[in-house]
Amino acid sequence: MLIHADPADVFLTRNTTDGNNLFAQGYSLEPGNEVLICNEDFPAVYMPWTRRQLEGVKLTVVQSRDGIVSADDMIANFSDQTRIVALSLAQSSSGYVTDIAKLGKACRERNILLSVDAIQAMGRVPVYIDKMNIDVLASSGFKGLMGPMGAGFCWCRRDVMARIKPPFLSGNIDWDHYDLDPGFSSLSAPDYKPGAGRMETGTQ
């Protein structure tokens, strides 16, 4: 497969920004937790995290060096409170490809989640979810994949996906275990479908 992952863990989105936002807006974090981003990155990578600061989440900006966003610089900024690193695999401004495998290994050793925006690299750079120790990956179908705009996808590690609260409810409800009486006068809160179905709400 394109990213060498189980298709059951992939869900469709409109674009890369959708995938980035679903994780950034919906993943459970506590006040004082830290998210690392880079100043060189595309706004769709870091802007979704800015609102989490209203909840007490710390956003730390790592400075690039002449367009280079090195794994070593990101790792050097890890702290005891770092919970997530959000970064592009390939930078849209410089084309620099970060050593995601090295960064991912360091993240995994410290129990830090690695969220990767892969739109600039997909179709051009081989992506191996496991070898790169990626926890969340978002991409669109156009650019290197030569697909249409308005069609994207996101992959999440299963235990990570289980901690993401989807913003919408409908097609992602576990209808097989939800007793909906046609004559209902009240509704209970439903559970989500397992796996990637948790994130897809409408007609794909």
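No experiment lies behind these values; they were computed from the predicted model shown.

1. Some thoughts on the state of the cysteines
Per the counting criterion, the structure on display carries 0 disulfides. Note on C38: no disulfide assigned, nearest cysteine sulfur contributed by C107 at a separation of 14 Å. Counting only cysteine sulfurs, C154 is the nearest neighbor of C156, a cysteine outside any disulfide, at a range of 4.2 Å.

2. Re the nonpolar core
One finds I3, L103 and I134 to be the most contacted residues of the largest nonpolar core, which totals 32 residues. Every element with two or more residues in this core is listed here: β2 (34–38), α3 (71–76), β4 (82–88), α4 (100–109), β5 (113–117) and β7 (152–156). The greatest single-element share of this core, amounting to 4 residues, is contributed by α4. When sequence neighbours within four positions are dropped, the list of residues in contact with I3 reads V10, M122, V127, Y128, I129, L137, F153 and W155. Within the second largest apolar cluster, 24 residues are counted, among which are Y27, L59, C156 and I164.

3. Digging into the side chain of S88
Along the chain, S88 turns up in strand β4. Using a relative accessible area of 4% as the deciding quantity, one classes S88 as buried. A polar contact of 2.6 Å, which involves the side chain of S88, links it to the side chain of D41. Excluding residues within four positions of it along the chain, S88 makes contact with D41, V45, T98, I100 and D117.

4. Focus: the environment of F11
If you trace the backbone, F11 turns up in strand β1 (residues 10–13). Look at F11 and you get buried, because its relative accessible area is 1%. F11 sits 63 residues away from M74 along the chain, and the two C-alpha atoms are 28 Å apart. In this structure F11 touches L22, G152, F153, C154, C156, M161, A196, M199 and E200, once residues within four positions along its chain are discounted.

5. As for helix α1 (residues 16–26)
At 3.6 residues per turn, the α-helix brings residues three or four places apart onto the same side. Summarising burial for α1: 8 of the 11 residues are buried, a large majority. Between the side-chain oxygen at the start of α1 and the backbone nitrogen of T17 there is a gap of 3.3 Å, and the oxygen is on N15.

6. Let's talk about unusual backbone geometry
Phi is positive for N111, close to 60 degrees, though the residue is something other than glycine. Note that N111 resides in the loop between α4 and β5. When its relative accessible area of 65% is taken as the criterion, N111 is described as exposed. Although it is not a glycine, N133 adopts a positive phi angle of roughly 55 degrees. When you line up the elements, N133 lands in the loop between β5 and β6 (136–140). Judged by relative accessible area, N133 falls into the buried class, the value being 16%.

7. Points about the packing of α1 against helix α2 (residues 43–50)
With their axes 9 Å apart at the nearest point, α1 and α2 run at an angle of 25 degrees to one another. As far as their axial angle goes, α2 and α1 are roughly parallel. In this structure, α1 meets α2 at a crossing whose hand is right-handed. For the pair α1 and α2, the contacting residues are T17, N20, N21, F23, A24 and Q25 in the first and A44, V45, P48 and W49 in the second.

Procedures and definitions
Residues numbered from 1 in each chain as written. Predicted model: local features only at pLDDT ≥ 70, side-chain atom pairs only at ≥ 80, totals over all residues. Heavy atoms only, no water. Disulfide = S-S within 2.5 Å. Core = buried A, V, L, I, M, F, W, Y, C linked by side-chain atoms within 4.5 Å. Buried < 20%, exposed > 50% of the residue type's maximum accessible area, 1.4 Å probe, protein only. Helix = DSSP H or I, 4+ residues; strand = E, 2+ residues; numbered from the N terminus. Contact = heavy atoms within 4.5 Å. Polar contact = N/O pair within 3.5 Å; in protein donor to acceptor, adjacent residues only side chain to side chain. Axes fitted to C-alpha atoms, helices over the stretch in contact; angles between N-to-C directions. Parallel < 35°, antiparallel > 145°, perpendicular 65-115°, else oblique. Left-handed = near helix turned anticlockwise from the far one by under 90°.

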